[in-house]
Amino acid sequence: MTEPEHVRPLAPATVLPLSDYPATNKQALHRRRNRIKCLICVTLTSIILITIVLSLVFTVFRVKDPIIKMNGVTVNGLDSTTGTQIQLLGTNISMIVDVSVKNPNSASFRYSNTTTDIYYKGTVVGEARGPPGKARAHRTVRMNMTVDIMIGRFLMDPSLAREVSGSGLLNVWSYTRVGGKVKILGIVKKHVTVKMNCTMAVNITRQAIQDTECKKDIDL
């Protein structure tokens, strides 16, 4: 009679405790919440930085137009004779134009060569060129330019003697141009050209300038 085969018992199955599943879900949920919090922090920080930069650009770093001003004009080389006859003597007549440029920006305003021209009845009778330079932040720079007057161009006008002998005044006008740029932190850069037109009367007898009126213009 055949003996029955020995039956080996099966190994017990490994059963994970039910408590491990909620723990795994909690960890995943916790990591997800951390990622969301980081994303929110990065977004808020970016918005704050952009707001600060825009505020600075439109307030402190906003490029403002320089302000040009005519402080005065003096004349050298004029003389007069007694009586009603008034004449211009010699060819070394000059006008010293005192101009100031105020820089209202938080960075320097660097300008190139400045120019000043004197006109008489639409004809250029004097020219001057000033050197380049810069106006520091919130500062005013003054420029004295000597304009050499070309007497020959005055004398070409047949009505000159009558005008001078009648009123003793010679009506001229000046044109001053200052071009440059303002650059802030190497980011904001703006090219600006300020212009000024002034009408004035040269009092031959007093050798002085009077009735000066100026108009300013800006090219961006």
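Residues numbered from 1 in each chain as written. Predicted model: local features only at pLDDT ≥ 70, side-chain atom pairs only at ≥ 80, totals over all residues. Heavy atoms only, no water.

- The protein goes by Late embryogenesis abundant protein LEA-2 subgroup domain-containing protein in an unreviewed UniProt entry, where it is assigned to Brassica campestris.

### Brief notes about the packing of aromatic side chains
Point 1. Scanning the entire structure with this criterion turns up three aromatic pairs.
Point 2. A centroid spacing of 6.1 Å and a plane angle of 40° characterise the contact between Phe109 and Tyr111, whose relative ring orientation is tilted.
Point 3. With a relative accessible area of 0%, Phe109 lands in the buried category.
Point 4. With a centroid separation of 5.0 Å and 45° between ring planes, the pair formed by Tyr120 and Phe154 is classed as tilted. Of the two residues, Tyr120 sits in strand E4 (residues 114-120) while Phe154 sits in helix H2 (residues 151-155), which places them 34 residues apart along the sequence. Phe154 matches Tyr120 in its accessibility class, with the two residues each being buried. (Phe/Tyr/Trp six-rings, centres within 6.5 Å; stacked < 30°, edge-to-face > 60°. Buried < 20%, exposed > 50% of the residue type's maximum accessible area, 1.4 Å probe, protein only. Helix = DSSP H or I, 4+ residues; strand = E, 2+ residues; numbered from the N terminus.)

### Some points on the pairing of strand E2 (residues 94-102)
Point 1. The element E2 is extensively covered by neighbouring structure, given that seven of its nine residues are classed as buried.
Point 2. Relative to E2, strand E1 (residues 67-76) runs antiparallel, the two being bridged by nine bridges. Pairing of Met70 across the sheet is with Val99, part of E2.
Point 3. The pairing of E2 with strand E7 (residues 140-149) spans nine bridges and is classified as antiparallel. Of the residues in E7, the one forming a bridge with Val101 is Val141. (Pairing = 2+ DSSP bridges.)

### Notes on a nonpolar patch on the surface
Point 1. Among the surface-exposed residues, Ile36, Ile40, Leu44 and Ile47 lie close enough to one another that they form a single nonpolar patch of about 370 Å² accessible area.
Point 2. Mapped onto the elements, Ile40 comes out in helix H1 (residues 20-58). (Patch = residues over 30% accessible without salt bridge, like charges linked within 9 Å, V, L, I, M, F, W, Y side chains within 5 Å. Areas by Shrake-Rupley, 256 points an atom, 1.4 Å probe, with all protein chains shown as cover. Salt bridge = Lys/Arg side-chain N within 4 Å of Asp/Glu carboxyl O.)

### Digging into unusual backbone geometry
For residues that are not glycine, phi is negative in most cases, and the peptide bond is trans in most cases.
Point 1. If you check the backbone angles, Lys121 has positive phi at about 55° while not being a glycine.
Point 2. By secondary structure assignment, the location of Lys121 is in the loop between E4 and strand E5 (123-130).
Point 3. A positive phi angle, close to 55°, is found at His138, a residue other than glycine.
Point 4. Summarising the element assignment, His138 is placed in the loop between strand E6 (133-135) and E7.
Point 5. Residue His138 is classed as exposed on the basis of its relative accessible area, which comes to 52%.

### Section: a positive patch on the surface
Point 1. On the surface, a cluster of positive charge is made up of Arg110, Lys134, Arg136, Arg139, Lys181, Lys183 and Lys189.
Point 2. With respect to the secondary-structure elements, Arg139 resides in the loop between E6 and E7. (Lys, Arg positive; Asp, Glu negative; His and termini not counted. Charge placed at Lys NZ, Arg CZ, Asp CG, Glu CD.)

### As for the environment of Ile209
Point 1. With respect to the secondary-structure elements, Ile209 resides in strand E10 (residues 208-219).
Point 2. Sequence spacing of Ile209 and Leu170 is 39 residues, and the spatial spacing of their C-alpha atoms is 9.5 Å.
Point 3. If sequence neighbours within four positions are ignored, Ile209 has contacts with Val73, Val75, Met95, Met200, Ala201 and Val202. (Contact = heavy atoms within 4.5 Å.)

### What to know about the pattern of salt bridges
Point 1. Going through the model one piece at a time under the given rule, you end up with four salt bridges.
Point 2. The partner of Asp65 in a salt bridge is Lys190, and the shortest N-O contact between them spans 3.6 Å. In this pair, Asp65 sits in the loop between H1 and E1 while Lys190 sits in strand E9 (residues 188-203), placing the two residues 125 residues apart along the sequence.
Point 3. Overall, the relative accessible area of 23% leaves Lys190 in the partly exposed class.

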